[in-house]
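Overview (structure and organization)
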Amino acid sequence: MQQSGETEPFIDEILRNLQRITGDLSPLQIHTFYEAVGYMISAQPNKPQQELLIANLMTAPNSAWDLLMAQAHERGTEILSDPENIKILSNILKTNTAACSSIGTFFLPQLARIYMDLLGLYTAVSGIISATTAEQGLIATKTPKVRGLRTIKKEVLKLVGETYIRKAEDLDQVNRDLIPPLLEAILGDYKQNIPAARDAEVLSTMVTIVSRLGVRPPLALVVARCAALRKADALPPPRRSRS
């Protein structure tokens, strides 16, 4: 909203000067900044205008994301051999999570923009971790390369499960559009990995999903699969929300 005496709304001025404002900030400061701006955007009552503000806020991370995804389509998982690319991807995911944490349910257009590539990245990273672990043994899980790749997986889960799904309001849409490809990407990977390479965040994400959505198709499958995974890992059962 434009205040008296302003030539443009303050949020528009911030987004117009975004590159200059964030140019000298550390990654952690940038994430904090994106979260703060996200609160301002979440207060915009005009939905088309709000979507435009979100798109403008995410221009820089989306440009970096698109560049890496284009390289991935050309070179495959080779791009994940570069530690700098792993670092960039991790920061992009953290930036999205920071913005999503404050924008909340209205972050869906941005999440939808990257969602399938996001899950494709998760699957590709999982494949590299599994192959590296099979070749080098348990010691591989302690190497900088695998630790960096596991950070990417954890950030994907944090963005989708611990942040967006926890804040989403249209749960039917979440169940219909987000859950099926998410389950396909993460549950099969969890089951196939050796225990040392499994991420506890997978099960916490499942707990979040069931807590928010209850047990409905395809979430009945979540309960069955999580029960099988708990049996294999001797983990305590997750709590389900009372309906």
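This report concerns the structure included in the present document. Note that the structure is a prediction, hence the values are computed from the model and not measured. (Residues numbered from 1 in each chain as written. Predicted model: local features only at pLDDT ≥ 70, side-chain atom pairs only at ≥ 80, totals over all residues. Heavy atoms only, no water.)

Quick notes on the overall build of the protein chain
Within the protein chain, the regular secondary structure consists of 11 helices and 0 strands. From first element to last, N terminus to C terminus, the protein chain shows the α and β order α-α-α-α-α-α-α-α-α-α-α. Each of the 243 residues in the protein chain was classed as buried or not, and the buried ones make up 44%. For the protein chain, the proportion of contacts with a sequence separation of at least 24, taken over those separated by at least 6, is 71%. (Helix = DSSP H or I, 4+ residues; strand = E, 2+ residues; numbered from the N terminus. Buried < 20%, exposed > 50% of the residue type's maximum accessible area, 1.4 Å probe, protein only. Contact = heavy atoms within 4.5 Å.)

Description of helix 3 (residues 27-42)
The terminal C-alpha atoms of helix 3 lie 22 Å apart, and with 16 residues this matches the ideal 22 Å at 1.5 Å per residue to within 8%. Looking only at helix 3, the buried set comprises His31, Phe33, Tyr34, Val37, Gly38 and Ile41. The buried side chains of helix 3 occupy one side of the element, clustering within an arc of 160 degrees when seen end-on. At its buried positions, helix 3 is contacted by helix 1 (10-16), helix 2 (18-22), helix 4 (47-57), helix 5 (59-75) and helix 6 (83-103). (Expected span 1.5 Å × (residues − 1). Arc of directions from axis to C-beta.)

Points about the nonpolar core
Leu57 and Leu118 are the most contacted members of the largest nonpolar core, which totals 64 residues. Per-element accounting of this core gives the leading share, 11 residues, to helix 7 (residues 108-136). If near-sequence neighbours (up to four positions away) are discounted, Leu118 is found in contact with Trp65, Leu93, Leu111, Val156, Leu159 and Val160. (Core = buried A, V, L, I, M, F, W, Y, C linked by side-chain atoms within 4.5 Å.)

Examining the pattern of salt bridges
Going through the model one piece at a time under the given rule, you end up with 8 salt bridges. A salt bridge links Asp66 to Arg113, with the shortest nitrogen-to-oxygen separation between them at 2.6 Å. Taken together, the residues Asp66 in helix 5 and Arg113 in helix 7 connect sequence positions 47 residues apart. Across the pair Asp177 and Arg176 runs a salt bridge whose closest N-O atoms are separated by 3.1 Å. Within this structure, Arg150, Lys153, Asp189 and Asp199 form a network of salt bridges that share partners. (Salt bridge = Lys/Arg side-chain N within 4 Å of Asp/Glu carboxyl O.)

A look at the layout of surface pockets
As a volume, the largest pocket reaches approximately 310 Å³. Lining the largest pocket are 15 residues; nearest its centre among them are Ile30, Pro61, Asn91, Ile92 and Thr95. If you list the elements that add at least two residues to the lining of the largest pocket, you get helix 2, helix 3, helix 5 and helix 6. Sort the elements by how many residues they give to the lining of the largest pocket and helix 6 lands first, with 6 residues. Partitioning the lining of the largest pocket into residue classes produces 9 nonpolar, 4 polar and 2 charged. (1 Å grid on protein atoms, 1.4 Å probe; cavity = no way out; pocket = protein on both sides within 12 Å on 5 of 7 lines; lining within 4 Å. Points joined across faces, edges and corners; volume = space filled by probe spheres on them. Nonpolar A, V, L, I, M, F, W, Y, C, P; charged D, E, K, R; others polar.)

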